[in-house]
Amino acid sequence: MAETQILTPVPNSMDDGSANRLSAPVFGGRLAPFTQFMRQPAVQRALPAIAMTSAIGIAAFAYFTMQASPQAQLFAGLDDSDKAAVADALQTQGIGHSIDPTTGALTVDADKLHQARIALAGQGLPKAAPSGDSLIAALPMGSSRAIEGEALRSAREADLSRTIETIDAVKSARVHVAAAEPSLFVREDKPATASVMLTLQNGRSLSDGQVQAIRFLVASSIPGMNADQVSVIDQRGALLSDTASGSDMKAFQLQVQVEDRFRRALDTLLGPMLGAGNYTVEVHADVDMSESQATRESFPENDRALTSEQITRSTSGTSAPAVGIPGALSNQPPQATTITATGPQPVPVGAPPAPGTESNENAARAYEVGREISVTHSPQGKLRRVSVAVALNQGKKALTQADLTKIDNLVKGAIGFDATRGDLVAINQRPFVQVEDTAPAFYDQGWFLPLVKQVGAILVALLAFLFVGRPMIRAAKERAAKRIAQHQELEASLLAATDRPALASGQHGREITLEMIEQAPSYEARANLVRAFVRQDSARAALVVRHLMQEGARA
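Criteria and thresholds
- Residues numbered from 1 in each chain as written.
- Predicted model: local features only at pLDDT ≥ 70, side-chain atom pairs only at ≥ 80, totals over all residues.
- Heavy atoms only, no water.
- Helix = DSSP H or I, 4+ residues; strand = E, 2+ residues; numbered from the N terminus.
- Buried < 20%, exposed > 50% of the residue type's maximum accessible area, 1.4 Å probe, protein only.
- Contact = heavy atoms within 4.5 Å.
- Areas by Shrake-Rupley, 256 points an atom, 1.4 Å probe, with all protein chains shown as cover.
- Pairing = 2+ DSSP bridges.
- Axes fitted to C-alpha atoms, helices over the stretch in contact; angles between N-to-C directions.
- Patch = residues over 30% accessible without salt bridge, like charges linked within 9 Å, V, L, I, M, F, W, Y side chains within 5 Å.
- Salt bridge = Lys/Arg side-chain N within 4 Å of Asp/Glu carboxyl O.
- Expected span 1.5 Å × (residues − 1).
- Arc of directions from axis to C-beta.
- Parallel < 35°, antiparallel > 145°, perpendicular 65-115°, else oblique.
- Left-handed = near helix turned anticlockwise from the far one by under 90°.
- Nonpolar A, V, L, I, M, F, W, Y, C, P; charged D, E, K, R; others polar.
- Core = buried A, V, L, I, M, F, W, Y, C linked by side-chain atoms within 4.5 Å.
- pLDDT = per-residue confidence, 0-100.
- Polar contact = N/O pair within 3.5 Å; in protein donor to acceptor, adjacent residues only side chain to side chain.

(A) Region of interest: the overall build of the chain. Counting its secondary structure elements, the chain contains 16 helices and 13 strands. Expressed as a percentage of the 555 residues in the chain, the buried residues total 23%. Considering only contacts within the chain whose residues lie at least 6 apart along the sequence, 71% involve residues at least 24 apart. Carbon and sulfur atoms provide 56% of the accessible area of the chain, an area that totals close to 38300 Å².

(B) Inspection of the sheet that holds strand E5 (residues 193-200) at higher detail. Taken in spatial order, the three strands line up as E4-E5-E6 in an open sheet, and their pairing is mixed. Looking along the sheet, the strands with just one partner apiece sit at the ends: strand E4 (170-178) and strand E6 (230-233). This sheet shows a mean twist of 15 degrees between the axes of neighbouring strands, independent of strand direction. Bridging between E4 and E5 involves eight bridges; their strand directions are antiparallel.

(C) Fine view of a nonpolar patch on the surface. Together, Phe-442, Tyr-443, Trp-447, Leu-451, Val-455, Ile-458, Leu-459 and Leu-462 give the surface a local cluster of nonpolar side chains, amounting to about 840 Å² of exposed area. Assignment of secondary structure puts Tyr-443 in the loop between strand E13 (424-430) and helix H13 (448-499).

(D) Main features of helix H10 (residues 208-221). In this model, H10 (14 residues) spans 20 Å end to end at C-alpha, consistent with the 20 Å of a helix rising 1.5 Å per residue. Buried within H10 we find Val-211, Gln-212, Ile-214, Arg-215, Val-218 and Ala-219. End-on, the buried residues of H10 take up no more than an arc of 155 degrees, which puts them together on one face.

(E) Layout of the packing of helix H9 (residues 145-165) against H10. With their axes 11 Å apart at the nearest point, H9 and H10 run at an angle of 150 degrees to one another. Overall, the two elements H9 and H10 adopt an arrangement that is roughly antiparallel. At the point where H9 passes H10, the crossing takes the right-handed sense. Residues Arg-156, Leu-160, Thr-163 and Ile-164 of H9 touch H10, and the partners they reach there are Ile-214, Leu-217, Val-218 and Ser-221. The residue makeup of the contact of H9 with H10, split by class, is five nonpolar, two polar and one charged.

(F) Spotlight on the pattern of salt bridges. Scanning all chains against the criterion turns up eight salt bridges. In this structure, Arg-153 and Glu-150 form a salt bridge, with 2.3 Å as the shortest nitrogen-oxygen distance. With Arg-153 and Glu-150 both in helix H9 and three residues apart, this pair spans about one turn of that helix. Looking at Arg-153, the relative accessible area reads 25%, which means it is partly exposed.

(G) The sheet that holds strand E12 (residues 382-393), seen in detail. Reading across the sheet, the three strands line up as E7-E12-E13 and stay open at both edges, with mixed pairing between neighbours. Each of the sheet's edge strands pairs with one partner strand only, and the pair in question is strand E7 (279-288) and E13. Ignoring strand direction, the axes of neighbouring strands in this sheet form an average angle of 10 degrees. As paired strands, E12 and E13 are joined by seven bridges and run parallel to one another. Paired with Ser-387 across the bridge in E13 is Leu-424. Across the sheet, helix H12 (residues 401-415) is in contact with E12 and E13; its angle to E13 comes to roughly 140 degrees.

(H) Quick look at the packing of helix H6 (residues 80-93) against helix H7 (residues 113-122). Put simply, H6 and H7 touch, their axes get as near as 10 Å, and they point 110 degrees apart. Put simply, H6 runs roughly perpendicular to H7. Between H6 and H7, the residues in contact are Val-86, Ala-89, Leu-90 and Gln-93 and Ala-116, Ala-119 and Leu-120, respectively. For the contact of H6 with H7, the residue count by class is six nonpolar, one polar and no charged.

(I) Fine view of the nonpolar core. Ranked by internal contacts, the top residues of the largest apolar core, which has 23 residues, are Ile-164, Val-196, Leu-198, Leu-206, Val-218 and Met-225. Breaking this core down by element, the ones donating at least two residues are H9, E4, E5, H10 and E6. Discounting residues that sit within four places of it in the chain, Val-218 has contacts with Leu-160, Ile-164, Ala-194, Val-196, Met-225 and Val-230.

(J) Layout of the confidence of the model for the chain. Per-residue confidence for the chain gives a mean pLDDT of 75; residues scoring 70 or more make up 75%. For residues 1-28, every residue scores under 50 in pLDDT, and the model assigns this stretch 38 contacts once sequence neighbours within four places are set aside. When the criterion is pLDDT under 50, residues 500-508 qualifies, and its contacts beyond four places in sequence or with other chains add up to eight contacts.

(K) The arrangement of H7 in detail. Three or more residues of H7 are buried, namely Leu-113, Ala-116, Ala-119 and Leu-120. All buried residues of H7 project into a common sector of 135 degrees when viewed along the axis, lining one side. Exposed side of H7, more than 90 degrees from the buried face: His-114, Ile-118, Ala-121 and Gly-122 are the residues found there. Those residues of H7 that are buried are in contact with strand E1 (71-73), H6 and strand E3 (106-109). Phi turns positive, to about 75 degrees, at Gly-124, one or two residues after H7.

(L) Quick look at the environment of Val-230. One can find Val-230 in strand E6. The spacing of Val-230 and Ser-195 is 35 residues in sequence and 5.6 Å in space, taken between C-alpha atoms.

(M) View of the environment of Ser-221. Mapped onto the elements of the fold, Ser-221 is located in helix H10. Among the residues examined, Ser-221 registers a relative accessible area of 31% and is labelled partly exposed. In this structure, the C-alpha to C-alpha distance between Ser-221 and Leu-160, residues 61 residues apart in sequence, is 8.2 Å. Residue contacts for Ser-221: discarding those within four places in its chain leaves Arg-156 and Leu-160. Within the structure, Ser-221 has its side chain in polar contact with the backbone oxygen of Leu-217 (distance 2.8 Å).

(N) Here's a closer look at the environment of Leu-113. One can find Leu-113 in helix H7. For Leu-113, a relative accessible area of 13% gives the class buried. Here the alpha-carbon distance between Leu-113 and Gln-73, two residues 40 residues apart in the chain, equals 8.1 Å. For Leu-113, the contacting residues outside a window of four places in its chain are Ala-72, Gln-73, Leu-74 and Val-108.

This is the structure we're talking about:
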């Protein structure tokens, strides 16, 4: 046991040859186990691999630190109270989140968006914006018809609000529907109406087309509602639906379509002749959106036709006197019956009446009078006037007046020029100003920042390898070579100490020091060195043992 205690000696200032090494500071003594661990051969051999792994780890840490994950908005249109509750819930779940300093929206990593929503839904968050299904599910049993109707209306309004909030420029939306209850005792039912309150994002606005789309969305979701009955206002109280009437939008869209058609025709015609960038075309079409219909009925003069005619003539006069024997024919049978015309017999026109008779003639004629009915219908979208302006780039050689006349004829033919309609075509040539490329700089491109981050991570890895890994590898190699040389010297000293036991007479080799004992490669070699050290200088060995005993007692 005594030899075992001597195997781990503590430096002592009593020796003149190793005084500096024996008087180590207290802090160095605390790091002695770590130093001994690092001096082990296995650790020394593993230092290059440790250095390389450390460099790769530092590079990976730098890359993932500089690589910011994309953010996604968690919910739109949340109140501050809901944001606070959601932030607390996310912090409890260990999901990182951030608040956009511009819009105040609560954002999380894009790859954790659905995880965060599922976690919040499990806690019933957010609470300020219930869905229509939750309102219907919360309806108590046995409710009256009025309560059920209000619940259904609130559910429809909540669903419409959430649908409108999906528009990028809309921060939050509120929908109010006013619909009268159907009743058999009311003769005329009033149509349902709705109002939409929008809170827009900072610096954003809605176009007339988007406002009209919101009106049609609400009107299509409620039975019996027309888009004209939907009013849309923003958070400043401005009426957005006033400028988005259906007729105005239809007229504007038709005008844009007509102008685009003329513009495409002119581009197709002038492009191959002048080249791209050598001309500009502007077209203005005046479209008449009024619709009229007229019906005219007339009776042309002297335009009649005889359709039927009936003439009746009658003749009357004194009868002939009676002749013959009275009563002679009374006993004779009647003669055969003959059918004769019941009316008066026709008399030729112009024939003189018989003597002793009177003639009467009646005529009934029917005529068809001519009638003309004309219907004139003027549909919407009639083109009233077209104005075209063409600017030509005047190059090194200006176009002649003949060339300009030919281009003018081509333009008139492309747009269907009509002088009676008041169409106008203006063509002029001027030198175009060279416009510099306004493309964003390369450092403003979307690919530049990720590339800088990746290159920076690679440079950090290289610097870590050059200034950390490579010096550690070099130092490890130097320590390994030094350790091999020391081992060789220790083996030579050990052989000299064991082969020459007469150390006191001066027939010994190299002097054995405490550092040689500490750096012994094995337990047996260290034990042999300790024996040789005791034989070499027994007084010094006794002082070392006494010093160790004193430190042990103080400890």
